[in-house]
Amino acid sequence: MDFTNPLVYGGPCFIIFILLELTYSKNHDEHHDLYDWNDLFASGFMGLGSAILAALLKVVSAIVIFTYVYELFNPLIDGVRTNIMGYKSFGYAWYIWLLCQLADDFTYYWFHRANHEIRILWAAHIVHHSSDNFNLGTAVRNGWFTLLYKPLFYMWMPAIGFSPEMVVFCLGIEALWQFQLHTVLLPKLGIFEKFMNTHTMHQVHHAQNVEYLDKNHGGFLNIFDKLFGTWLPLDDSIDVKYGVIHAPNSNNPIVILTHEFKDIWMDMKKSPKLSHKLMYVFGPPGWSHDGSTMTVKQQQRLFEKQKSENPEVAFSRPN
């Protein structure tokens, strides 16, 4: 079957909704600071570059990689696609679509979590978190380098029998959902908060508050966050601060794209040991060989300890 990537239609809709949110915010005093013009233009440039690169790399990721893997693990036997495990490859029944979207959501969770927990991947993903604003403009502020390795996380899906075009379509649907999560203008969604990844949960994900770091990596659903211990609801008593701890402090696209890679290189030069250099590249962000900086988990343990011992004292960030 032949499908059109949902993002073909989603792209123009993204622009329309950004303009609507921008207009609304500028006409309501309580949300007047929701957008910063320079920040919006930087996000827009990053989004445009990402869209162009995505279109160019689609040939490699969707047509070449996914199709190659699909045909390798699901060869034609007597005219029928048959998985090497012995079963007939999946078709296009409605329940196969649901299973594919669930598999996509599971994969997205681990892809997204890896981007936060492996520093070289974080260097590519930090672009999306580098703004201290949280709005629909931030939603399109995507890193360009993530496009190079993202398909590798999804290769298992065509390998077990999902058609390449179905996988690409579900990836597009996931992206549409992710876009609309980036807003503070919608309230909590009642019963849907029980199993869906919602706007308030994504506000937590984009916060740099210590207790919120590395939480809520899910796509459509929050069940994988709950299952694997990374879920946290929004606490209305906490004043949310968006962005990252070590921000690029620049609207220059080149700086936004590369600043964390530069920091990795500088950190690698701090120690002559190869094991330390590898940890600075592949270890969690914040890891240091001399304890001069701390990982998220280390910061959160320290935060909990300080809160229990001196709850009236504001937490002093160690990094």
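1. Looking at the overall build of the protein chain
A tally of regular secondary structure across the protein chain gives 13 helices and two strands. Since a compact globule built from 319 residues should have a radius of gyration of about 20 Å, the 21 Å found for the protein chain is in line with a globular shape. Considered along the principal axes of its C-alpha atoms, the protein chain spans approximately 70 × 55 × 40 Å. The proportion of buried residues among the 319 residues of the protein chain is 46%. Partitioning the contacts of the protein chain with sequence separation of at least 6, the portion at a separation of at least 24 is 68%. Here the protein chain displays about 16500 Å² of accessible surface, and carbon together with sulfur accounts for 67% of that area. Charged side chains in the protein chain number 23 positive and 29 negative. The centres of these two groups are separated by 8 Å.

2. With respect to a nonpolar patch on the surface
Taken together, the side chains of W94, Y95, L98, L99, L102, L189, I191, F192, F195 and I223 present a nonpolar region at the surface, about 1000 Å² in accessible area. Per element, the largest residue contribution to the nonpolar patch is five residues, and it comes from helix 3 (residues 94-117). Secondary-structure assignment places F192 in the loop between helix 8 (164-180) and helix 9 (199-205).

3. Some words on the packing of helix 3 against helix 8
Interaxial distance between helix 3 and helix 8 falls to 9 Å at its minimum, and their mutual angle equals 60°. Relative to helix 8, helix 3 is oriented oblique. In this structure, the crossing between helix 3 and helix 8 has a hand that is right-handed. Between helix 3 and helix 8, the residues in contact are I96, W97, C100, Q101, D104, D105 and Y108 and M166, V167, F169, C170, L171, I173, E174 and Q178, respectively. The residue inventory of the contact of helix 3 with helix 8, partitioned by class, reads 10 nonpolar, two polar and three charged.

4. A closer look at the pattern of salt bridges
Opposite charge on two side chains permits them to pair, given that their charged atoms come into close proximity. On inspection of all chains with the given rule, the structure shows seven salt bridges. Of the charged contacts, one joins D267 and R119 as a salt bridge, the two residues approaching to 2.7 Å between their closest N and O atoms. Of this pair, D267 sits in helix 11 (residues 253-268) while R119 sits in helix 4 (residues 119-129), placing them 148 residues apart in sequence. Residue classification places D267 among the buried positions, given a relative accessible area of 14%. Classification of R119 by relative accessible area gives buried; the value is 6%. Salt-bridge contacts for E304 lead to K307; the nearest nitrogen and oxygen are separated by 3.6 Å. With E304 and K307 both in helix 13 (residues 296-309) and three residues apart, the pair spans about one turn of that helix. On the basis of relative accessible area, E304 is assigned to the partly exposed category, the value being 42%. Judged by relative accessible area, K307 falls into the partly exposed class, the value being 40%.

5. Section: the packing of helix 3 against helix 4
Where helix 3 meets helix 4, the closest approach of the two axes is 6 Å, and the angle between their N-to-C directions is 100°. One finds that helix 3 runs roughly perpendicular with respect to helix 4. Between helix 3 and helix 4, the contacting residues are H112, A114, N115, H116 and E117 on the first element and R119, L121, W122, H125 and H129 on the second. Looking at side-chain class alone, the contact of helix 3 with helix 4 contains three nonpolar, five polar and two charged residues.

6. A look at the packing of aromatic side chains
In the structure shown here, the tally under the stated rule is 21 aromatic pairs. When the ring of Y87 is compared with that of F90, the centres are 5.8 Å apart and the planes differ by 10°; the resulting orientation is stacked. Residues Y280 and W287 carry aromatic rings whose centres are separated by 5.1 Å and whose planes lie at 70° to one another, so their mutual orientation is edge-to-face. A relative accessible area of 2% places Y280 in the buried class. Aromatic rings pair up to connect F106, Y109, W110, F224 and F228 into one cluster. A cation over a ring is seen here: K226 above W231, with NZ or CZ 4.5 Å from the ring centre.

7. A word on the environment of Y212
The topology assignment puts Y212 in the loop between helix 9 and helix 10 (223-227). You can call Y212 buried: its relative accessible area is 1%. With 88 residues separating them along the chain, Y212 and Q300 place their C-alpha atoms 9.0 Å apart. Among all residues touching Y212, those that are not within four sequence positions of it are V204, A207, L232, P233, L234, D235, I238 and V240.

Conventions we followed
Residues numbered from 1 in each chain as written. Predicted model: local features only at pLDDT ≥ 70, side-chain atom pairs only at ≥ 80, totals over all residues. Heavy atoms only, no water. Helix = DSSP H or I, 4+ residues; strand = E, 2+ residues; numbered from the N terminus. Rg over C-alpha atoms; globule rule 2.2 N^0.38 Å. Buried < 20%, exposed > 50% of the residue type's maximum accessible area, 1.4 Å probe, protein only. Contact = heavy atoms within 4.5 Å. Areas by Shrake-Rupley, 256 points an atom, 1.4 Å probe, with all protein chains shown as cover. Lys, Arg positive; Asp, Glu negative; His and termini not counted. Charge placed at Lys NZ, Arg CZ, Asp CG, Glu CD. Patch = residues over 30% accessible without salt bridge, like charges linked within 9 Å, V, L, I, M, F, W, Y side chains within 5 Å. Salt bridge = Lys/Arg side-chain N within 4 Å of Asp/Glu carboxyl O. Axes fitted to C-alpha atoms, helices over the stretch in contact; angles between N-to-C directions. Parallel < 35°, antiparallel > 145°, perpendicular 65-115°, else oblique. Left-handed = near helix turned anticlockwise from the far one by under 90°. Nonpolar A, V, L, I, M, F, W, Y, C, P; charged D, E, K, R; others polar. Phe/Tyr/Trp six-rings, centres within 6.5 Å; stacked < 30°, edge-to-face > 60°. Lys NZ or Arg CZ within 6 Å of the ring centre and 35° of its normal.

Fair warning: the whole summary comes from geometry, so function is off the table for now.
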